[in-house]
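Read off the chains here:
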Amino acid sequence: MRKSVLVLGLVAAIFTSCGDKKKEEVKKEVETKVEEVKKEVAADPVDNIALGKQLFTDKTCTTCHQPDAKVIGPSIKDIVKVYDEQNGNLVKFLKGESPAIVDTDPGQVAIMKANLDGFVKDLSGDELAALAAYMRSVE
Ligand code: HEC
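As the structure is a computational prediction, the values presented were derived from the model and not from experiment.

Trainee: Looking at this structure, how should I read the coordination of the iron atom of the ligand?
Mentor: Around a metal, the perfect tetrahedron of four donors has angles of 109.5 degrees, and the perfect octahedron of six donors has angles of 90 or 180 degrees. The protein atoms that coordinate the iron atom of the ligand are H65 (NE2) and M112 (SD), at distances of 2.0 to 2.1 Å. Look at H65 and you get buried, because its relative accessible area is 11%.

Written out as structure tokens, the structure is:
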């Protein structure tokens, strides 16, 4: 009798632990799905471009970068053209991980570098990707 109670207890323990594991697995699955959906939303090209456009204005990029004309910095179109031609990575440049390739005049580079060091570094990876998506969308 004692033995069977023990066995029953053991079986019950195993079952509960299995139940817990299932719960954990389901929780993980749900979390993974949520993450996937979040990523999809972030990767939505239209939303990204709209966000990038907003940031481009809010973060004062427009002061120095016009779509077509050189103001203080090169035009957006000129930047994108060079990045396309040279297979450059805009996000990397904005993260300060790759050097300037559009205008390498030290004085000009210093102006842009001041922005990178000043406030661009506070933008998230998603925000930088949105800025790059917007710049690439300018026609
Ligand atoms: C005060 C003026 C100024 C502001 C504001 C400014 N830039 Fe620039 N930017 C420049 C100048 C000048 C250059 C040319 C030097 C260079 O190419 O690095 C430049 C170059 C660039 C380049 C080309 C880099 C390369 O490879 O040569 C990118 C991309 C860029 N800016 C993006 C931005 C974005 C995005 C913002 C807003 C977050 C911004 N800039 C704000 C002046 C500015």
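Trainee: Please clarify how the packing of aromatic side chains should be interpreted in this entry.
Mentor: Aromatic ring pairs: the centre-centre distance and the angle between the two ring planes describe each pair. As enumerated under the stated definition, the model contains one aromatic pair in all. Ring centres 5.3 Å apart and planes at 55 degrees place the aromatic pair F56 and Y134 in the tilted group. Placement of the pair is F56 in helix α2 (residues 45-58) and Y134 in helix α7 (residues 125-137), with a sequence separation of 78 residues. Each of the two residues, F56 as well as Y134, counts as buried.

Trainee: Can you help me understand the pattern of salt bridges in this one?
Mentor: Counted by the stated rule, this structure contains six salt bridges. A salt bridge links R136 to D84; its shortest N-O distance comes to 2.6 Å. Of this pair, R136 sits in helix α7 while D84 sits in helix α4 (residues 76-85); the two residues are 52 residues apart in sequence, bridging distant segments of the chain. Residues K113 and D117 are paired through a salt bridge, measuring 2.9 Å at the closest nitrogen-oxygen approach. Note that K113 and D117 are positioned in helix α6 (residues 106-118) at a spacing of four residues, about one turn of the helix. K113 sits in the partly exposed class, given a relative accessible area of 43%.

Trainee: What's the story with the layout of surface pockets in this structure? I'm lost.
Mentor: If you roll a probe as big as a water molecule over the atoms, it shows you where there is empty space left. Computed from the structure, the largest pocket encloses a volume of approximately 490 Å³. For the largest pocket, the lining is made up of 28 residues, of which H65, P74, I79, F93 and M112 are closest to its centre. Of all the secondary-structure elements, those providing two or more residues to the lining of the largest pocket are α3 (61-64), α4, α5 (90-94), α6 and α7. Among the elements that make up the lining of the largest pocket, the one with the highest residue count is α6 (five residues).

Trainee: How do you make sense of unusual backbone geometry when you look at a structure like this?
Mentor: In most cases, non-glycine residues show a negative phi, while peptide bonds are predominantly trans. With a phi close to 65 degrees, T60 is a non-glycine residue in the positive phi region. Structurally, the position occupied by T60 is in the loop between α2 and α3. Residues other than glycine seldom take positive phi values, yet N87 does so here, at roughly 55 degrees. When you line up the elements, N87 lands in the loop between α4 and α5. Look at N87 and you get exposed, because its relative accessible area is 70%.

Cut-off values and rules
- Residues numbered from 1 in each chain as written.
- Predicted model: local features only at pLDDT ≥ 70, side-chain atom pairs only at ≥ 80, totals over all residues.
- Heavy atoms only, no water.
- Donors = N, O, S within 2.8 Å, 3.2 Å for Na, K, Ca; no water.
- Buried < 20%, exposed > 50% of the residue type's maximum accessible area, 1.4 Å probe, protein only.
- Phe/Tyr/Trp six-rings, centres within 6.5 Å; stacked < 30°, edge-to-face > 60°.
- Helix = DSSP H or I, 4+ residues; strand = E, 2+ residues; numbered from the N terminus.
- Salt bridge = Lys/Arg side-chain N within 4 Å of Asp/Glu carboxyl O.
- 1 Å grid on protein atoms, 1.4 Å probe; cavity = no way out; pocket = protein on both sides within 12 Å on 5 of 7 lines; lining within 4 Å.
- Points joined across faces, edges and corners; volume = space filled by probe spheres on them.

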